[in-house]
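The residues making up each chain are set out below.
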Amino acid sequence: MTVEGREPEPPLRDDRVDGRDETPNERADRNWDELMQELRVMQTGTQILTGFLLAVAFQPRFTDMDELQRDLYVVLVALAAIATILALAPVGLHRALFGRRRKPDLVRVAARIVKIDLVVIAALTVGVTTLIVDFTVNRTAGIVALITAVVVIAALWLALPRAVRRSLRRDVPPQ
């Protein structure tokens, strides 16, 4: 019994029809854990690309790059820095909001940051691929690599999820 003589209310249950029985806070905790897993994967790939880019400047053949390649290199280093900052932003946000019962808001904002980071990482990946092929083969091959990488990313990151969502909607029986 509470001080007012009433029984405490049970925690709110989620009204989503998704097969889960969880409170909004439980859902936020689960979604936060999933976001952190995604960020770990993204951060590892970004760190590898960043390390590669930083090492390139200290290689003897770095001076063999033409002006366009050097400009692309500088843009890629900037993108790598932005990707790293974006990947760390949700952690900083979590620290700032820790213990303030704002997890659903934190998850919503962090999810947006992760989407932006994916775009930056896509550009970084395409750029690194283009730079390597352009430098090692030639400019035409670099452009082909750029177009191919953009098409592959668009297919895997945009078209495939849409197709899966569409397929799942068709497979759900009417209620």
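It should be emphasised that the depicted structure is a prediction, and the values quoted were computed from it without experimental measurement.

1. Topic: the UniProt feature "transmembrane region" (unreviewed entry) in the protein
Move 1: Per the UniProt annotation, the sites labelled "transmembrane region" (unreviewed entry) are residues 72-93, 114-135 and 141-160.
Move 2: Secondary structure across residues 72-93 divides into 100% helix and 0% strand, with the first and last C-alpha atoms of the span separated by 31 Å.
Move 3: Taken end to end, residues 141-160 has its terminal C-alpha atoms 26 Å apart, with 100% of it in helix and 0% in strand.

2. Topic: the pattern of salt bridges
Move 1: If you walk through the whole model with that rule in mind, you get eight salt bridges.
Move 2: Note that Arg 30 is salt-bridged to Glu 34, the shortest N-O span being 3.2 Å. With Arg 30 and Glu 34 both in helix H1 (residues 24-56) and four residues apart, the pair spans about one turn of that helix.
Move 3: By relative accessible area, which is 39% here, Glu 34 ends up partly exposed.
Move 4: Counted as one network, the salt bridges with shared partners bring together Glu 22, Arg 27, Arg 30 and Glu 34.

3. Overview of the confidence of the model for the protein
Move 1: On average, the protein scores 87 in pLDDT, and the residues at 70 or more come to 87%.
Move 2: When mean pLDDT is compared element by element in the protein, helix H3 (residues 103-136) scores highest at 94, while H1 scores lowest at 87.

4. A few points about the environment of Ala 110
Move 1: By secondary structure assignment, the location of Ala 110 is in helix H3.
Move 2: Judged by relative accessible area, which is 0%, Ala 110 ranks as buried.
Move 3: The contact partners of Ala 110, leaving out residues within four places of it in the chain, are Trp 32, Leu 35 and Pro 90.

Rules used throughout
Residues numbered from 1 in each chain as written. Predicted model: local features only at pLDDT ≥ 70, side-chain atom pairs only at ≥ 80, totals over all residues. Heavy atoms only, no water. UniProt positions renumbered as here; feature names shortened; annotations may be inferred. Helix = DSSP H or I, 4+ residues; strand = E, 2+ residues; numbered from the N terminus. Salt bridge = Lys/Arg side-chain N within 4 Å of Asp/Glu carboxyl O. Buried < 20%, exposed > 50% of the residue type's maximum accessible area, 1.4 Å probe, protein only. pLDDT = per-residue confidence, 0-100. Contact = heavy atoms within 4.5 Å.

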